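This is what each chain is made of:
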Amino acid sequence: MNLKKLRYSFLSAALICTSLLHGAEKPNFVIIMVDDLGFSDFGCYGSEIETPNIDRLAENGARFTQFYNTAKCHSSRVCLMSGQWCHLADKPRGWGQGLSKAATIAEVLKPAGYFTAMTGKWHLDGNPVERGFDRYFGHLSGATSYFKGDNTFHLDDKPWSDFGKDFYTTDANTEWGMKFINEGIAKKKPFLLYIAHNAPHYPLQVREPDFRKYENRYKEGWDLIRRQRFEKQKQVGLFSDEKKLPKRPGAIPSWNSLSAENKSWESRRMAAYAGMIDRIDQQVGRLTAFLQEKGVLDNTVILLFSDNGGCPFERTKGKNLNPWDPESYWTYDTSWAWVSNTPFKYYKQNQHEGGTHSPMIVHWPAGLKAKGLITRPAHLVDILPTLIDLGGGTYPAQIKDHKVRPFDGRSMAPLFSGTQNTEERELFFQYAKNYALRQGDWKLVSCTDGAWELYNLKSDPFEENNIAAQHPERVSQMEKRYIEIWGAPLKLKKVPGQPTTHRAAKHRKNKNKLKD
């Protein structure tokens with residue numbers, strides 16, 4: 001172990017020892033992952049969507065300003081479960097859903113005395129109870145109907161289909177989560193509860209009262225909403241006053257260019273999306289009230305984040321149906337995803353900041369010393385080593401019949417203690433034909449096999465000024481390191497790429513001769 005890593009390990013150990021000296025019990029863990037939610041979609045990150053319960057966790061805890069995911073559902077789950085870069089946790093150079101070279105957070109904490117449970121979207125190989133979880137309720141699939149579920153729902157390892165008239169996945173995840181916490185408390189064990197909400201992933205199916213609340217909220221359109229979000233982000237300290245909001249991309253039409261019919265449709269589907277996030281907040285409030293009632297809230301570490309940025313893909317079916325109709329299948333697309341990811345560039349699947357930059361809230365009254373903003377970079381791979389540090393677990397060399405490779409993450413425990421470590425991070429990103437490597441403030445990134453782009457995120461956090469041509473040696477050095485981690489050469493184009501949704505929008509404009 002090098003000196004920098006050793007020093008960081010001492011900081012982690014010091015935090016744990018301090019807790020033990022004061023006679024503190026092992027903390028409980030509640031990990032909440034939401035799905036396809038952009039950086040600015042919670043109130044405390046700039047949104048007009050009402051999230052008072054989530055905002056309260058942030059106010060009494062801390063918000064990360066540079067927390068990263070993988071820009072894709074299943075790969076983010078691999079990183080969360082394993083602490084490893086996705087392609088290394090299973091098959092070489094893959095982006096599948098396997099964990100054949102990994103130990104999960106449940107497999108690490110269960111031997112340390114924890115009761116382990118999960119609710120919601122698994123989206124990985126097998127079943128959670130096969131990977132260390134004592135209890136499981138949810139769907140194994142990557143997406144589901146919110147009102148009717150699907151045929152992948154399980155209770156533990158048994159199929160489950162008890163969908164009643166009032167069933168709604170976001171509510172059910174919380175309901176079963178509270179049941180599982182009760183089991184852990186009854187066993188007198190610290191608990192790990194992992195809630196993986198499908199919301200607000202499409203289909204945009206929302207309870208009618210939640211939709212009605214936002215029905216008229218978005219008639220002013222995405223241009224104004226995005227400006228308002230950015231101003232609020234400045235007010236809550238996420239960005240300095242001198243930062244300017246990047247301009248609207250040419251692939252996104254101005255709101256004023258839309259017909260009255262299209263404005264009505266666009267405002268309605270954003271209202272559905274907002275209502276789904278409001279429902280998440282309601283359930284977060286329900287869960288925290290339950291933890292308070294049980295007397296365990298103060299010593300429960302709550303982590304809340306998203307698996308990727310806003311989703312730009314138009315896949316609506318049944319546009320004529322209301323979004324509370326179980327047969328409906330709405331989505332939103334590039335324009336509202338652009339708002340969700342304010343002020344960052346691009347979307348889900350892309351490894352630019354809009355795809356990978358997530359809100360992240362930590363709440364732990366008994367142990368969190370950091371308050372306000374945590375400004376150091378962190379990633380989903382950091383959660384497993386953090387749980388090991390705080391929960392007293394041991395990382396195994398082998399699980400059942402498979403060997404486990406070392407994790408790639410770093411414990412966030414020192415950050416929780418208020419230490420803003422200045423050591424540079426190296427973060428690896430890949431999904432399909434999108435690649436990125438961050439070294440300190442430098443970021444090398446490729447979109448859809450396009451030429452490498454280079455940004456300095458300290459001076460250019462919104463990736464507006466590609467300086468690859470000015471720094472060819474740095475590009476070469478970082479490319480070499482990227483290939484070393486990835487394990488194979490890349491065949492990139494000679495010009496920068498763009499998201500598939502931007503190319504499709506350009507084609508439609510040319511075909512229809514529309515003017516922006």
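Refer to the structure presented above.
Cut-offs applied
- Residues numbered from 1 in each chain as written.
- Predicted model: local features only at pLDDT ≥ 70, side-chain atom pairs only at ≥ 80, totals over all residues.
- Heavy atoms only, no water.
- Helix = DSSP H or I, 4+ residues; strand = E, 2+ residues; numbered from the N terminus.
- Rg over C-alpha atoms; globule rule 2.2 N^0.38 Å.
- Buried < 20%, exposed > 50% of the residue type's maximum accessible area, 1.4 Å probe, protein only.
- Areas by Shrake-Rupley, 256 points an atom, 1.4 Å probe, with all protein chains shown as cover.
- Lys, Arg positive; Asp, Glu negative; His and termini not counted.
- Charge placed at Lys NZ, Arg CZ, Asp CG, Glu CD.
- Axes fitted to C-alpha atoms, helices over the stretch in contact; angles between N-to-C directions.
- Parallel < 35°, antiparallel > 145°, perpendicular 65-115°, else oblique.
- Left-handed = near helix turned anticlockwise from the far one by under 90°.
- Contact = heavy atoms within 4.5 Å.
- Nonpolar A, V, L, I, M, F, W, Y, C, P; charged D, E, K, R; others polar.
- Pairing = 2+ DSSP bridges.
- Salt bridge = Lys/Arg side-chain N within 4 Å of Asp/Glu carboxyl O.
- Polar contact = N/O pair within 3.5 Å; in protein donor to acceptor, adjacent residues only side chain to side chain.
- Expected span 1.5 Å × (residues − 1).
- Phe/Tyr/Trp six-rings, centres within 6.5 Å; stacked < 30°, edge-to-face > 60°.
- Core = buried A, V, L, I, M, F, W, Y, C linked by side-chain atoms within 4.5 Å.

(A) Up close: the overall build of the protein chain. Counting secondary structure elements, the protein chain contains 14 helices and 17 strands. Here the C-alpha radius of gyration of the protein chain, 22 Å, is about what a compact globule of 516 residues would show, namely 24 Å. Along the first, second and third principal axes, the C-alpha set of the protein chain runs to 70 × 60 × 45 Å. Within the protein chain, the proportion of its 516 residues that are buried is 61%. Counting only carbon and sulfur atoms, one obtains 50% of the accessible surface of the protein chain, whose full area is about 20,700 Å². For the protein chain, the distance from the average position of its 72 positive side-chain charges to the average position of its 58 negative side-chain charges is 4 Å.

(B) Main features of the packing of helix 5 (residues 169-186) against helix 8 (residues 260-293). Running from amino to carboxyl end, helix 5 crosses helix 8 at an angle of 15°, the nearest separation of the two axes being 9 Å. Classified by the angle between their axes, helix 5 and helix 8 sit roughly parallel to one another. In this structure, the crossing between helix 5 and helix 8 has a hand that is right-handed. Counted together, Thr-170, Asp-171, Thr-174, Glu-175, Met-178, Ile-181 and Asn-182 of helix 5 and Arg-279, Ile-280, Gln-283, Arg-286, Leu-287, Phe-290 and Leu-291 of helix 8 form the full contact between these two elements. Looking at side-chain class alone, the contact of helix 5 with helix 8 contains six nonpolar, four polar and four charged residues.

(C) Region of the structure containing the sheet that holds strand 17 (residues 453-456). One open sheet accounts for four strands, arranged 14-15-16-17; its pairing is antiparallel. Here the strands that pair on one side only, and so sit at the sheet edges, are strand 14 (426-431) and strand 17. Adjacent strand axes in the sheet meet at a mean angle of 10° when their direction is disregarded. As paired elements, strand 14 and strand 15 (residues 434-439) share six bridges and run antiparallel to each other. Bridge assignment links Phe-429 to a residue of strand 15, and that residue is Ala-436.

(D) Quick peek at the pattern of salt bridges. This model, assessed by the stated rule, comprises 37 salt bridges. Across the pair Arg-135 and Asp-156 runs a salt bridge, and its minimum N-O distance is 2.9 Å. Taken together, the residues Arg-135 in strand 4 (residues 135-139) and Asp-156 in the loop between strand 5 (153-155) and strand 6 (158-159) connect sequence positions 21 residues apart. Its salt-bridge partner being Lys-443, residue Glu-353 comes within 2.7 Å of it at the nearest N-O pair.

(E) Examining the side chain of Asp-223 more closely. Its location among the elements puts Asp-223 in helix 7 (residues 222-235). At 2.8 Å, the side chain of Asp-223 and the backbone nitrogen of Trp-255 are in polar contact. Setting aside chain neighbours within four positions, we find Asp-223 in contact with Arg-248, Ser-254, Trp-255 and Trp-338.

(F) Broad picture of the pairing of strand 9 (residues 357-363). For strand 9, a buried count of seven out of seven residues is recorded, marking the element as mostly surrounded by other parts of the structure. Residue alternation in strand 9 divides its side chains into two sets, His-357, Pro-359, Ile-361 and His-363 and Ser-358, Met-360 and Val-362, and both sets are buried. Across five bridges, the pairing between strand 2 (residues 62-68) and strand 9 is antiparallel. Looking at the pairing, Ala-62 lines up with Val-362 of strand 9. In terms of strand pairing, strand 8 (residues 300-306) meets strand 9 through four bridges, oriented antiparallel. In the sheet register, Leu-304 faces strand 9, and the bridge partner there is Ile-361.

(G) Quick look at helix 8. A rise of 1.5 Å per residue sets the reference length of helix 8, with its 34 residues, at 50 Å; its end C-alpha atoms lie 49 Å apart and thus fit the reference within 8%. Just downstream of helix 8, Gly-295 is the residue with a positive phi angle, here 75°.

(H) The arrangement of the packing of aromatic side chains in detail. Under the definition given, this model contains 40 aromatic pairs. Arranged with centres 6.2 Å apart and planes meeting at 50°, the rings of Trp-85 and Phe-428 form a pair that is tilted. Of this pair, Trp-85 sits in the loop between helix 3 (73-82) and helix 4 (105-109) while Phe-428 sits in strand 14, and the two are 343 residues apart along the sequence. For Phe-428, a relative accessible area of 5% puts it in the buried group.

(I) Structural detail: the nonpolar core. Counting 76 residues, the largest nonpolar core has Phe-64, Phe-305 and Ile-383 as the members making the most contacts within it. Ignoring anything within four residues of it in the chain, the contact list for Phe-64 reads Tyr-45, Met-360, Val-362, Ile-374, Arg-376, Ala-378, Met-412, Leu-415 and Phe-416. Membership of the second largest hydrophobic core comes to 72 residues, among which are Trp-176, Ile-181, Leu-297 and Trp-330.

(J) Summary view of the environment of Ile-225. Tracing the backbone through its elements, the reader meets Ile-225 in helix 7. For Ile-225, a relative accessible area of 2% corresponds to the buried category. The spacing of Ile-225 and Gly-310 is 85 residues in sequence and 15 Å in space, taken between C-alpha atoms. Residue contacts for Ile-225: discarding those within four places in its chain leaves Glu-48, Arg-217, Tyr-218, Trp-336 and Val-339.

(K) Looking closely at the environment of Pro-326. When you line up the elements, Pro-326 lands in the loop between strand 8 and helix 9 (334-340). Accessibility expressed as a relative area gives 33% for Pro-326, which makes it partly exposed. Taking the C-alpha atoms as reference points, Pro-326 and Gln-430, 104 residues apart in sequence, are found 35 Å from one another. With sequence-adjacent residues up to four places away left out, Pro-326 is seen in contact with Ser-145, Phe-147, Lys-148 and Gln-205.

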